[in-house]
Amino acid sequence: MRRALPDVLWTLALAIVAALAPTLLKAGFDQASVSYLSLASNAMSLGILALSWDLLARTGQLSLAHAAFYGAGAYAAAVLANATGVPIVLALPLGGLVAGLLALGLGSVTLRLKGIYFAIATLAFTEVLKAVVQELPTGLAGGAAGLNVPPLFRPHFVPGQMQRWEIAFQRNEAYFYVYAALLVLTIAVSIVVQRTRLRAAFTAVRTNEAVAAVMGVRPARAKLLAFVLSSALVGMLGALEAMRLGSVIPDGTFAISTTVFALVTPIFGGLYTTLGPILGAGVLSAVEETLKRTFAEGYLIGYGVVLVASILFMPRGLVGLATRLRRRRGGSGTPAAGDAEGPA
Amino acid sequence: MMLRVQGLAKRFGGLVAVSDLDFEVTEGEIFAIIGPNGAGKTTTLNMISGLLTPSAGRIELAGRDITHANSAERCHAGLGRAFQVVQPFPEMTVEENVMVGALYGAPGTSNAVARRRAADALERSGLDALRDVPAEELTLLQEKRLEIARALATAPRVLLLDEVMAGLRPAEARLAVGLVREVRDQGVTVVFIEHVMPVVRDLADRVLVMDYGRPLALGSYAEVTADARVIEAYLGRDDEEDEA
Amino acid sequence: MDPTLVLQGLVSGVLAAGLYALVSVGLALAIGVIGVINFAHGEFFMIGAFLAYQLFVSFGFDPLLSLIFVAPALFVIGAIVYRSTIRYVLEAPELNQMLLTFGLSIIFQNLALLIWGGDPRSISGVPYRSIGVQLGGISIGLVPLGSFVISLVLVLALYVGLARTRLGRAMRAVAQNRVGASLVGLEVDRIYLVAFALSALLAGIGGVMIAVIQSPTPTVGFAFTLKAFAIVVLAGLGNIRGILWASLAVAVSESMVATLVPNGDALRNAVFFAIIFIVLVGRAWRRA
C-alpha cells in the first residue's frame, strides 16, 4: 500500500551491519568479542520475541501465551533431537510448525474473548501446557527435570591454528548469524503486514471488530493469521534458544517472564510498529547490561524504575516520543496518523 | 427483490424489540424506516447487517438467504452500512478508514481498484481535503460523512443508513439528500432510518412506519402520514427525539 | 474412593478459598472501582508476608499482633503507589497500565530479594503452627482455619462496607459512572486513593497469613497476582460478590486433585488454570 523502498533499504543496511559485526568485533576487542556476540544474540532474541508479540497485538489480542509458544518450539527441538536421529537443524522449522499449529488451535477457541479475558485465558493456557509437558512420559519429554538439547554448532579446536577462546568465538559467531537471520525474517514478516492490506485489516479489527466485519474484514481470519505468524516465529526462536542454551526445563522454558518481556518491550519501544519493538529490545538490553555491570546486586530494581518512568513520561514508547519530537520541530507538516501509527 | 425481510423478530430476554416484521425493498428503491423512539429501527438494521442474531425470521439479499451469514459475508454479498453512532477507526486517517472498506468490502478487489474506489467515495462525500487527517480529529459532521464514505467504499448493492442526517444544518442536509439520490442513480438500493421528516419526504419512494417493534404502516410518504394510526403513534406521545 | 479423603480435600479446599478470596477481592476493587489492571497486586501480598516475618524475627511479634502494624503500613504503601504512579495511567490503555504495574512488580520483588534474599522465609516459631484438630479422620490445622475465618470476616466486612457505608456507596457509584460521580461532587481521586490503599491492605493481610502457612520467597507475590487475576476474571469484572464463589470453586478443585490424584500436588496449578481456561472459553462461546 505504501512505498516499500525505505524499509527494504533499512533492512538491507541492518543485514550488512550484522554480516560484518562479528569480524569487526573480533578485530576490535579480541577475546572480549566472545561475550559481546553473546550479548548481541540476547538482544536479537529479545527483538524477535517482542516483534513477534507485537504482530499479534496489532489485531488487539493481548496474549499472555507467548511463553507457551516459545516453550513449544523449544520442546519440539528437544524431543526431535532426543527421540529421533534427524539433523538438528530441522528443529528450527519444526519448532515454528509446532508452535504455529498450537496457535491455530488456541486462537480458534479464544476468538471471542476480548481484552483482559483473552489475556487471562492465554495465561491459563500457558500454565496448563507447562503442566502437560511436565507430565508427559519422562522418556519423551524428561518430566520436571527437562531434557538436554544438542547444540546447533560444534566448532573444533585446531591446535596451533587458533587460540582456546576462539572456539567460543566461532560458536557464538555462528549463533549470531542464525539469530540475525531469524530477526530479519521477523522484520520482513512485520513489514509485509505493515505495507500490505493486512495492516488495514489488523488495525480495523483491533480498534473495532464489529465495524471491521461490517466493512467486509473477516476478523477471525485476521486474528488467526496474526496468531499463527506470531507463534511460528517465536516457536522458531524457542527452538534456537534451546539449542544455544543446551537444555529445556518446564519451569524455565515456559517461564512467565518470557511473556512479560515479550509485551513490555514493544510497549516500551512503541506498539504496532516494526521499529518500536526492535528499538525497545536494543535499548532495554543495553539498559539491563549497563545496570548489571554497575550494580552487581538488585540491578533489576533500576530496570523496573526505567519501565515505570517510561510509561509516565513517554506513554507511546520510544517511537511515539520520536514522532512527537519530530513533529514539534517540523511544526507545520501534515499531521501524521497519530503517534502510535508513527513510522512503520 | 433486492432485500426481503420475513417474520423478523428480536427478543432481549423478556423484552420484545422487534416482532412480525415483513417488508421488501426493490432494486434501486429508496426505502425509509421511521417510527418513534424505541420502535426497533436500529435493531432491525443491526439484524440486517449481522450485528444481532434474529430470534426468528429470515433475511434475503438479492434472492440469497443471508439470515445466518456473518457481518463480513453480508458485506461481501453487497450490504453496506453507515452507523448512527459514528464509529470511525480513530487511529487511522480518513483515507485509511475508507480504504478498509474499499479493500475488504468486495472480495477480489485489487489494490488499484480499491484505491480508486476509496478516492471516489471520499470525493463524493466531500472528504477529499481531509484524507490525511486522523479520524479522531474530525468534527461530528465530518464523522458522519466518513460513515457514508466507508459504506460506499465497500461497493454496496444495498446501503443501510442509520440517521445520517441527524444534527445536520438544512444546507448540509440538502447536500446529503443529493448524495443519497446520486448513489441511488448509480443503481444502489438505499434503506435509511430518519427522524427528519422533510428528508424522508424528499427522498423516500416508500416509507415503513414502525411502532413498538412492529410494522404500523407501509406506503408512500403521503399515504403513511395520512394514516390515523401513524398520527396517533407520533402525536399521542411526546418521545420522538433521537433514539440513543 | 475413600470418603474421608474426599472430605479432607473438600475441607482443605474451603479453608484455602478464604485466602484466595481475600487477595482477589482487593484486586477486584482495584479493577472494578479504579479501572486499573494492577499486575503489582501480589507484591503487596509479598510485602505483607515479609514485614510480618521481619517483625517476628526482630521483635518476636506474633503474626496476629503484627497485623496491627502491617495493615496500616500496606495502606500507606498503597496510597503512595497510587499517588506517585497509578493515578497518571487511569485513562491510559490497558497495555500501559500493564507495563507500569509490571515495572512496579519488578521493583518490589527485587527490593525484597535485596533485603531478604531468595531463600524461603517462614514464621516457624509460632507455637500454634502445628496445632490441629482431628475430626473423624480429617485434620484441620489451626492456622488454615484461622486464616480462613479472618479472610472471610474481612471479605464480608468489605461487602457490607461497600453496601452500607457512605464511602462504600461512593466507591460503587464511581465504579458505575465516572463522569456522573464527579458531577455530583464526589472526590473521585480521593475515593480511588482509598480504594487502592484498601486493596493493598487486604493483600498485605493475606501476606501475613501466607508467612505462617507456607515459607514464601520474594517471588510469591507474582504467583498470587496471576491467581487473583484469574479469580477476578472468573467472577466477572466488576462482580465483587462473585469473588467468593469463584475462589471456592477453584480452591476446592485444586485441593481435591491434590488430595485424591496420586502425585496430584504437582497438578494444583494446572487444575486451577485449566478451570479458568475452560470457564472463560466456554462462557464466551455460549454467550454468542
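Residues numbered from 1 in each chain as written. Chains lettered and ligands numbered in written order. Predicted model: local features only at pLDDT ≥ 70, side-chain atom pairs only at ≥ 80, totals over all residues. Heavy atoms only, no water.

## Observations regarding the interface of chain B and chain A
Counting residues at the interface gives 31 residues for chain B, matched by 27 residues for chain A. Summed over both partners, the interface of chain B with chain A buries about 2400 Å², with 63% contributed by carbon and sulfur atoms. The three residues of chain B that bury the most area against chain A are F89(B), E91(B) and Y104(B), which together make up 28% of that side's buried surface. Where chain B packs against chain A, one counts three salt bridges. We note a salt bridge from E96(B) to R199(A), for which the minimum N-O separation is 3.2 Å. Counting the contacts that link chain B with chain A gives 10 residue pairs in polar contact (both at pLDDT 80 or more). (Contact = heavy atoms within 4.5 Å. Buried area = accessible area lost by both parts, 1.4 Å probe. Salt bridge = Lys/Arg side-chain N within 4 Å of Asp/Glu carboxyl O. Polar contact = N/O pair within 3.5 Å; in protein donor to acceptor, adjacent residues only side chain to side chain.)

## Here's the deal with the domain arrangement of chain B
Residue and element names in this part refer to chain B. Once the domains are mapped, chain B shows domain 1 (1–78 + 157–239) and domain 2 (88–155). Once you take the C-alpha centre of each, domain 1 and domain 2 turn out to be 24 Å apart. Counting residues at the interface gives 14 residues for domain 1 and 12 residues for domain 2. Here domain 1 and domain 2 share an interface that buries about 1100 Å² over both sides, 67% of which is from carbon and sulfur atoms. (Domains from an automatic or database assignment.)

## A look at the pattern of salt bridges
Going through the model one piece at a time under the given rule, you end up with 33 salt bridges over all chains. When the shortest N-O distance is used, the salt bridge between D185(B) and R184(B) registers 3.5 Å. Given the relative accessible area of 60%, D185(B) is considered exposed. The partner of K227(C) in a salt bridge is E254(C), and the shortest N-O contact between them spans 2.7 Å. With K227(C) in helix α9 (residues 220–235) and E254(C) in helix α10 (residues 242–260), the pair connects residues that are 27 residues apart, well separated along the chain. Across the pair, exposure class does not vary: K227(C) and E254(C) are buried alike. One connected set of salt bridges, linked through shared partners, spans R4(B), E24(B), R58(B), E60(B) and D65(B). (Buried < 20%, exposed > 50% of the residue type's maximum accessible area, 1.4 Å probe, protein only. Helix = DSSP H or I, 4+ residues; strand = E, 2+ residues; numbered from the N terminus.)

## Considering the interface of chain A and chain C
Listed by partner, the interface residues are 43 residues for chain A and 41 residues for chain C. Around 3600 Å² of area is buried between chain A and chain C when both sides are counted, 84% of it from carbon and sulfur atoms. On the chain A side of the contact with chain C, R112(A), I116(A) and Y117(A) bury the most area, a combined 18% of that side's loss. On inspection of chain A and its partner chain C, the count reaches zero salt bridges. For the side of chain A that touches chain C, the secondary structure elements donating two or more residues are α4 (91–109), α5 (115–135), α12 (256–269) and α14 (299–313) of chain A. Element by element, the count of residues in the side of chain A that touches chain C is highest for α5(A), at 12 residues. Per-class residue counts for the side of chain A that touches chain C are 33 nonpolar, six polar and four charged. (Nonpolar A, V, L, I, M, F, W, Y, C, P; charged D, E, K, R; others polar.)

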